[in-house]
Amino acid sequence: MDELYKYGLNDIFIEVVLEVIKKFKIDLKYSHLDSTSFHLDGEYKREEDKEKQEEEKIIKERPIFIKKGYSRDHRPDLKQCVLDLITSQDGDIPLFVRVGDGNESDKAVFGKVLVEFKKQIKFDSIMVCDSALYGQENLQLIQHLKWITRVPMTIKKAKELVQNIEVEEVKDEDKEKRSDLNLESYTWKEEIVTYGGIKQTWLIVLSEKRQKSDLEKLEKQLSQEEKKSQKFLKEIQSEEFEHPQAARYKLKAINKKLRLLEIKEVELIETYSKKKEKIYKMISLIIKKEKIYKMISLIIKKDEEISRKTKEAGKFILATNLVEENKLEASEILITYKNQQSTERGFRFLKDPLFFTDSFFVEKPERIETMLFLMSLCLLIYNLGQRELRNCLKRVKKGINNQVGKVTLRPTLRWIFQCFQGIHYVILNGVKQIVNLTEERRFILSLLPASCQRYYL
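Worth saying up front: this structure is predicted, and the values here are computed from it rather than measured.

Caption draft 1: The arrangement of the nonpolar core in detail. Counting residues in hydrophobic clusters, the biggest one holds 83 residues, and the most contacted among them are Cys81, Ile86, Tyr134, Trp202 and Ile368. In terms of residue count, the dominant contributor to this core is helix H14 (residues 365-396) (11 residues). Ranked by size, the runner-up nonpolar core spans 17 residues in total, among them Leu203, Phe316, Leu322 and Leu328.

Caption draft 2: Spotlight on unusual backbone geometry. In the Ramachandran plot, Asp92 falls in the positive-phi region, its phi being about 60° despite a non-glycine side chain. Among the structural elements, Asp92 can be located in the loop between strand S2 (79-88) and strand S3 (94-100). If you check the backbone angles, Glu324 has positive phi at about 55° while not being a glycine. Within the secondary structure, Glu324 is located in the loop between strand S10 (315-320) and helix H12 (330-338). What makes Glu324 exposed here is its relative accessible area of 53%.

Caption draft 3: Here's a closer look at the packing of aromatic side chains. Evaluation of the coordinates by the stated rule reveals nine aromatic pairs. Here the aromatic rings of Tyr134 and Trp202 are separated by 6.3 Å at their centres, their planes lie at 65°, and the arrangement is edge-to-face. Of this pair, Tyr134 sits in the loop between strand S4 (126-129) and helix H5 (136-141) while Trp202 sits in strand S7 (residues 198-207), and the two are 68 residues apart along the sequence. For Tyr134, a relative accessible area of 6% puts it in the buried group. Its relative accessible area of 0% is what places Trp202 among the buried residues. Each ring, one from Phe349 and one from Tyr382, has its centre 4.8 Å from the other, and the planes form 35°; the classification is tilted. Taken together, the residues Phe349 in helix H13 (residues 341-351) and Tyr382 in helix H14 connect sequence positions 33 residues apart. Assessed through its relative accessible area of 10%, Phe349 is described here as buried.

Caption draft 4: The sheet that holds S3, seen in detail. Spatial ordering of the open sheet is given by S3-S2-S1-S4-S5-S10-S7-S6, a layout of eight strands whose pairing is mixed. Each edge of the open sheet carries a strand with a single partner, namely S3 and strand S6 (186-195). Taking each pair of neighbouring strands and ignoring which way they run, the sheet shows an average axis angle of 20°. Sheet analysis places S6 next to S7, joined by 10 bridges and oriented antiparallel. The residue bridging Ile192 from the neighbouring strand is Thr201, located in S7.

Caption draft 5: Looking closely at the pattern of salt bridges. Following the criterion strictly, the structure yields 20 salt bridges and no others. We note a salt bridge from Asp106 to Arg72, for which the minimum N-O separation is 2.7 Å. Highlighted residues: Asp106 in helix H4 (residues 106-120) and Arg72 in the loop between helix H3 (50-55) and S2, separated in sequence by 34 residues. A residue is classified by how much of its surface remains accessible, and Asp106, at 15% relative accessible area, is buried.

Caption draft 6: Spotlight on the environment of Arg410. Examined against the element boundaries, Arg410 turns out to sit in the loop between strand S12 (407-408) and helix H15 (413-419). Distance in space between the C-alpha atoms of Arg410 and Ile400 is 8.7 Å, their sequence separation being 10 residues.

The rules behind each value
Residues numbered from 1 in each chain as written. Predicted model: local features only at pLDDT ≥ 70, side-chain atom pairs only at ≥ 80, totals over all residues. Heavy atoms only, no water. Core = buried A, V, L, I, M, F, W, Y, C linked by side-chain atoms within 4.5 Å. Buried < 20%, exposed > 50% of the residue type's maximum accessible area, 1.4 Å probe, protein only. Helix = DSSP H or I, 4+ residues; strand = E, 2+ residues; numbered from the N terminus. Phe/Tyr/Trp six-rings, centres within 6.5 Å; stacked < 30°, edge-to-face > 60°. Pairing = 2+ DSSP bridges. Axes fitted to C-alpha atoms, helices over the stretch in contact; angles between N-to-C directions. Salt bridge = Lys/Arg side-chain N within 4 Å of Asp/Glu carboxyl O.

Spelled out as structure tokens, the structure:
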């Protein structure tokens, strides 16, 4: 591992990728970027030089820093490292891998990752990424690249468009076309926007399925807040306050915990403590009664906030710098972004415990980097085999049964491995033979290279 690290992990990976692209003719029109984290046990104590770190390039010569950060593994208690992965839309083939520090932010590095990627592998590809890429600094950094990304709803212009714009109704002649593209539940509208000094096409999309889900979540959130606010109301109306400002301060703190409802002050009553009055009856001394304040309140809905969330339900915005002569069809932008799961499928492979690739038993950060690069090479081989098998099935126009018995042209390679688990090599009375080599298994073997067939046929 140490020798591999010294040789240059990135250089090795790029050499393999370039050979694969050339030999298997991988379509590189679209490439997808995303990141994930891997949690690690152990201390990993190492002092970091922050000044040097700021000066270093995105492809670092120093080992990574194992630190706590935002955990995609839902293990914020453990230190971690980050893996940035770029895959092709054609076959989910890993094209670029980078291992980063545990506390690294996607927003801070995604633009630099894409620039470095284009330096390493020179071809004309449209880069697809989530909203972490969309920021003025990153857009300036990648203005010479082609990209599609999602617009974060924190941007003022995005909020205004989602609130005010009406998506276009689907014409009858377009319904069949969208159905063929599996986009029948989507409607959209295009807008030309300039943001960060870059002219862009913004596609405001409404998903019917997502709208239904968002409205159900909103209804559930409203119901939960009603129960919570009833408890708060009872609490604040039963409490005694020494000063009016103390009551209003408590009310303000409670309202910060609510999003869709608000407890409003109706009246602040000046009275005396009942506990003190009982004491006065028991003693003959004349004591001045202590003044207290009690608040009368009621629960009201935040109609503006509920209306805003209702209008936003099911809507999102996609942006691309491909305008005018390079303009893409709206349907192609949407389909391409939906294929962003290309990298997610890669992460599922790397973290799947059944593949035994999710555990680390190494101490040095250099070896962790090496391990992740080796795992990414395994992903490349796996996805390449899966792509070739699916292409063969497509050519012969014949599918195989999947896990639930349905015929598919897109089986996973993992399922193919499972299909071959029941085959055995036996020697009976000195005769060597293969057992359980069914017709379906023979058909699958016919699609695989000769190097695979010789083990069974």
